[in-house]
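Each chain, written out:
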Amino acid sequence: MRLFNGADGSPERGGITSPEIHHEGNSSMSDEETKPTDFIREAVAEDLRSGRFKTVRTRLPPEPNGYLHIGHVKAFMIDYLIAKENGGELILRFDDTNPTREETEFVEAIEEDARWLGIEWVKVTYASDYFDELYEWAKRLVLMGKAYVDDQTPEEVSANRGTLTEPGKNSPYRDRDVEENMDLLERMKDGEFPEGSRILRAKIDMAHPNINMRDPAMYRIIHNPPHHRTGDKWKIYPMYDWAHGQNDSMEGITHSLCSLEYENHRPLYEWFPEQLGVFKPRQIEFARLNLTYTVMSKRKLRRLVEEKVVNGWDDPRMPTLRAMRRRGYTSAAVLDFIRRVGVAKNYSVSDVSLLEACVREDLNKNSPRRMAVLKPLKVVIDNYPEDLVEEMDAVNNPEDVNAGTRKVPFSKTIYIEQDDFRETPPPKYYRLFPGNEVRLRYAYFIKCTHVIKNDKGQITEVHATYDPSTRGGDSADGRKVKSTIHWVSARHAQEAEIRMYDRLFTKEDPEEGEEGFLSCLNPNSLEILTGKVEPDLASPEVGSRFQFERLGYFSVDSDSTPGRPVFNLTVNLKDTWAKMEKKG
């Protein structure tokens, strides 16, 4: 059964918050909100009260083989805030134990993304910093008879591992003597043997009910490529289950906070330090973040990039933090979403509409308003003076009294949205049509008189008249209009590329069914339009955000050039998917 954190943001238990962190956007919280409680915080508090630990030290252990996505944010913030709230320390440690998958660019990107979230750490370390010490610890286990070199092929190791209901089989090399194991391990390290020919395994119990305890691998042979930090020094590399817990011990990590996938690994992480007689951290698991209409598997995200389904890791349709920044999400909105989702022990799926609502709420408060026409239709105001240009006072942000106003040019010919005109209006259509009068935002009342069509019968121009006495949007005689529409002056409008982004998948659970996640791609996830915007938006700063009145929130894309701005749709003014789902 799937449990949903719905659009009201009610978590199963507890919450995450970010006291004293200042982010772009509005993320202020009350004193009550900055004192959340959940099972992790309660456990840490009890550890401090009981004297099990005298301080708190946590770590972020990302692998430098991909970009951070929204799922990582929850884990990162739990680690960071648990340390911060208890006056402790956070270490950013990169798990660079696999040289075949690591790139320096990911290290830099992860640090950049973490800083964007407001996360601070006392130092940056790498698993490779501890390769020498870790190897010495491995030799200690060999000398204790607790580890051995296995010559079985990978296929044989897998076949002899057993199942959930059947015990595994001992390796024929399990009872090698200590001297032979030490000799073979040194020769493995020196690169004497080919890749895949030998591994070092912990000697625990091949009949253990927990498969992770059935003599897990500790080291495997990798000759190439060279490691991004240690070069060609090592020909063997530690497995994650060996390196992870021991690195925590070496760094004095008190609380190893991780997702539920590692719950069954905890006995192994406790076994190693118990055998070695070293410091033992406490591991606590929590449910990872899952989102509707989203895949967050690194492997699947890589497929989307490599198969050109999207235009790179920062494509605004991706769930990576780089993509979200490019789309226009603020860190305050992302953290507000994480806070509302909270900390839970049980598997659940959060509604992506809640994330979009958090973004919408933050941008509504902080985004300046502008007018833009995405699908332009020319309107000629026949009784407006040919050469007259007036400047209308427009409100920058009704949510911010200090945002002030700006001047918007108005002239005889303007552009309006194609959807704001109908030659033959449907029932309850109150926008512009022949004989109907509407209000132009911040300007005048206009009434449609006639249209001009091309040879194909398509409307190319709408003609109208205006009432000079209605400047500012009100009539002297008190008459009312039922619709207000936005516009831009044709003479002053700036052409812009508008990228209308939507959800990448059409199914709530993209991985449901046998067809796979690529079978439910949304063919309308990106529509590129050529629109018209206020002259004020001719060369906006990359990353700046605006509300295009009546349309949605938009961010300036990095593809923008002077005089040719590109805008990304961040989020619609309202949740359009909710309406679609109700119809369905």
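Everything that follows concerns the structure shown earlier in this document.
Now for a description of the structure that goes with this document. (Residues numbered from 1 in each chain as written. Predicted model: local features only at pLDDT ≥ 70, side-chain atom pairs only at ≥ 80, totals over all residues. Heavy atoms only, no water.)

Some words on the environment of Thr-484
At step 1: Mapped onto the elements, Thr-484 comes out in strand β21 (residues 484-485).
At step 2: Among residues more than four places away in sequence, those in contact with Thr-484 are Arg-439, Arg-441 and Arg-550.
At step 3: Looking at Thr-484, its side chain comes within polar contact range of the side chain of Arg-439, at 2.8 Å. (Helix = DSSP H or I, 4+ residues; strand = E, 2+ residues; numbered from the N terminus. Contact = heavy atoms within 4.5 Å. Polar contact = N/O pair within 3.5 Å; in protein donor to acceptor, adjacent residues only side chain to side chain.)

Overview of the nonpolar core
At step 1: Ranked by size, the top nonpolar core spans 41 residues in total, and within it Ile-70, Val-73, Met-77, Leu-117, Ile-119 and Phe-337 carry the most contacts.
At step 2: Those elements that provide at least two residues to this core are α2 (70-85), β3 (89-94), α3 (104-116), α10 (321-327), α11 (331-341) and α12 (352-366).
At step 3: If you tally residues by element for this core, the top one is α2, at 7 residues.
At step 4: By size, the runner-up hydrophobic cluster in this structure holds 34 residues, among which are Trp-137, Ala-147, Ile-222 and Val-278. (Core = buried A, V, L, I, M, F, W, Y, C linked by side-chain atoms within 4.5 Å. Buried < 20%, exposed > 50% of the residue type's maximum accessible area, 1.4 Å probe, protein only.)

Description of unusual backbone geometry
At step 1: Of the consecutive residues Asn-224 and Pro-225, the connecting peptide bond is found in the cis state with omega at 0 degrees.
At step 2: Looking at where Pro-225 falls in the secondary structure, it is placed in the loop between β7 (217-221) and β8 (236-238).
At step 3: Phi is positive for Tyr-442, which is not a glycine, with a value near 70 degrees.
At step 4: One can find Tyr-442 in the loop between β18 (437-440) and β19 (445-453).
At step 5: One non-glycine residue, Arg-550, lies in the positive phi region at around 70 degrees.
At step 6: Mapped onto the fold, Arg-550 is located in the loop between β25 (545-548) and β26 (552-556).

Remarks on empty space enclosed by the protein
At step 1: Evaluation of the coordinates by the stated rule reveals 5 cavities of 30 Å³ or more.
At step 2: As for the largest cavity, its lining consists of 32 residues, of which Arg-327, Tyr-329, Val-352, Glu-356 and Arg-503 are closest to the centre.
At step 3: Mapped by element, the contributors of at least two residues to the lining of the largest cavity are α9 (298-306), α10, α12, β27 (566-572) and α13 (576-583).
At step 4: Here the residues of the lining of the largest cavity are counted per class, giving 19 nonpolar, 5 polar and 8 charged.
At step 5: Looking at the second largest cavity, its volume works out to about 90 Å³.
At step 6: In terms of lining, the second largest cavity is formed by His-244, Gly-245, Asp-248, Ser-256, Arg-266, Tyr-269, Glu-270, Pro-273, Lys-280, Pro-281, Arg-282 and Gln-283.
At step 7: Of all elements in the fold, only α7 (240-250), α8 (266-276) and β10 (282-286) reach the threshold of two or more residues within the lining of the second largest cavity.
At step 8: Counting residues per element, the lining of the second largest cavity draws most heavily on α8, which supplies 4 residues.
At step 9: Across the lining of the second largest cavity, the residue classes tally to 3 nonpolar, 4 polar and 5 charged. (1 Å grid on protein atoms, 1.4 Å probe; cavity = no way out; pocket = protein on both sides within 12 Å on 5 of 7 lines; lining within 4 Å. Points joined across faces, edges and corners; volume = space filled by probe spheres on them. Nonpolar A, V, L, I, M, F, W, Y, C, P; charged D, E, K, R; others polar.)

Thoughts on the environment of Pro-565
At step 1: Position of Pro-565 among the secondary structure elements: in the loop between β26 and β27.
At step 2: Owing to a relative accessible area of 1%, Pro-565 belongs among the buried residues under this scheme.
At step 3: With residues up to four places along the chain from it excluded, the contact list for Pro-565 reads Gln-494, Glu-495, Ala-496, Glu-497, Leu-537, Ala-538, Pro-540 and Ser-560.

Some words on the sheet that holds β3
At step 1: Overall, parallel pairing links the 3 strands, which are arranged β2-β3-β4 in an open sheet. Edge positions in the sheet fall to β2 (57-60) and β4 (123-126), since each has one partner strand and no second. Averaged over all pairs of adjacent strands, the angle between strand axes in this sheet comes to 35 degrees, irrespective of strand direction.
At step 2: Note: β2 against β3, 4 bridges, orientation parallel. Paired with Leu-60 across the two strands is Leu-92, which belongs to β3. (Pairing = 2+ DSSP bridges. Axes fitted to C-alpha atoms, helices over the stretch in contact; angles between N-to-C directions.)

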